[in-house]
Each structure stands twice: as C-alpha cells, then as structure tokens.
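# Tertiary structure, described
The residues making up each chain are set out below.
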Amino acid sequence: MMCDVMPTISEDGSNDRESQGSGDESNFEQLMVNMLDERDKLMETLRESQESLAATQAKLQEVEKDRNNLQKQLAATTPQNLVIRFGGPNLTVLVPSVTPNRGENCPTPPVQVPEPTQSW
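Conventions adopted
- Residues numbered from 1 in each chain as written.
- Predicted model: local features only at pLDDT ≥ 70, side-chain atom pairs only at ≥ 80, totals over all residues.
- Heavy atoms only, no water.
- Helix = DSSP H or I, 4+ residues; strand = E, 2+ residues; numbered from the N terminus.
- Buried < 20%, exposed > 50% of the residue type's maximum accessible area, 1.4 Å probe, protein only.
- Contact = heavy atoms within 4.5 Å.
- Areas by Shrake-Rupley, 256 points an atom, 1.4 Å probe, with all protein chains shown as cover.
- Salt bridge = Lys/Arg side-chain N within 4 Å of Asp/Glu carboxyl O.

### Quick word on the overall build of the chain
When helices and strands are tallied, the chain shows one helix and two strands. Scanning the chain from its N terminus toward the C terminus, one meets helices and strands in the order α-β-β. Going through the 120 residues of the chain one by one, you find that 2% of them count as buried. For the chain, the share of sequence-separated contacts (at least 6 apart) that also reach a separation of at least 24 residues comes to 19%. For the chain, the exposed surface amounts to about 11,500 Å²; the carbon and sulfur share of it is 56%.

### Digging into the pattern of salt bridges
Counted by the stated rule, this structure contains three salt bridges. Between R47 and E51 there is a salt bridge, and its shortest N-O distance comes to 2.5 Å. A residue pair is termed a helical-turn pair when its members lie 3 or 4 positions apart in one helix, as R47 and E51 do in helix α1 (residues 16-77) at four residues. In this structure E51 comes out as partly exposed when scored by relative accessible area, which is 46%.

In structure tokens form, the structure reads like this:
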C-alpha cells in the first residue's frame, strides 16, 4: 500500500515555493545591481576615452599648424636653385629646388654630372 506524503509546512507559514521565489527575486536584484555597476564602469571608461581623444585631436591640430608654418619658412628661405661644387670646376651641378605639394610624390629629375677632364 502506498502512502501519500504531504509537503512539510514550515512554522513561519511560508512554503518552499515562496522561499524559492524570494531567493530568485534576491538573485535578480543582485544581477541588476551588478549590471548597473558594470554599466557605470563602462560609462566612465567611455568618458575617459573621449577626453583622451579630444586632447589628442587638439594636439594633432597644433602640430599640423607648426608643420605648415615650418614648411612655409623653409620654402621662403630655400633658394630656387642649389649649386653644388665638388672641388673641380667641371663638377658643378645645378639642382632645381622641388617642393612637392601636400599628398603628392614629385620625383626629382635625374642629375647628370660631367666627367672630369683632369686627373688629380
């Protein structure tokens, strides 16, 4: 013969389902708290990264202005043609000054050096 077993009744009046429900609820609350903490950390990291990016971009603009000013000074002080002497009168080379535009690759023309007529 089989006996039906009745569930245990706790003295405080709650049953197992209620206690399990409150455990699930506290687990859910802890999960939500953890998620909010993680979100706060990520937001702080994002804010710091954005500040760092803004500072780096400002520095880049400053460096680009300095570079442009230096290029203008160099262009203003560089002669149009450079004359290079290597010792003998027949070894004079005229090299045109080439200033490439920004973003372009301007190859320099080949320079031909005449053969020396005297031996040293």
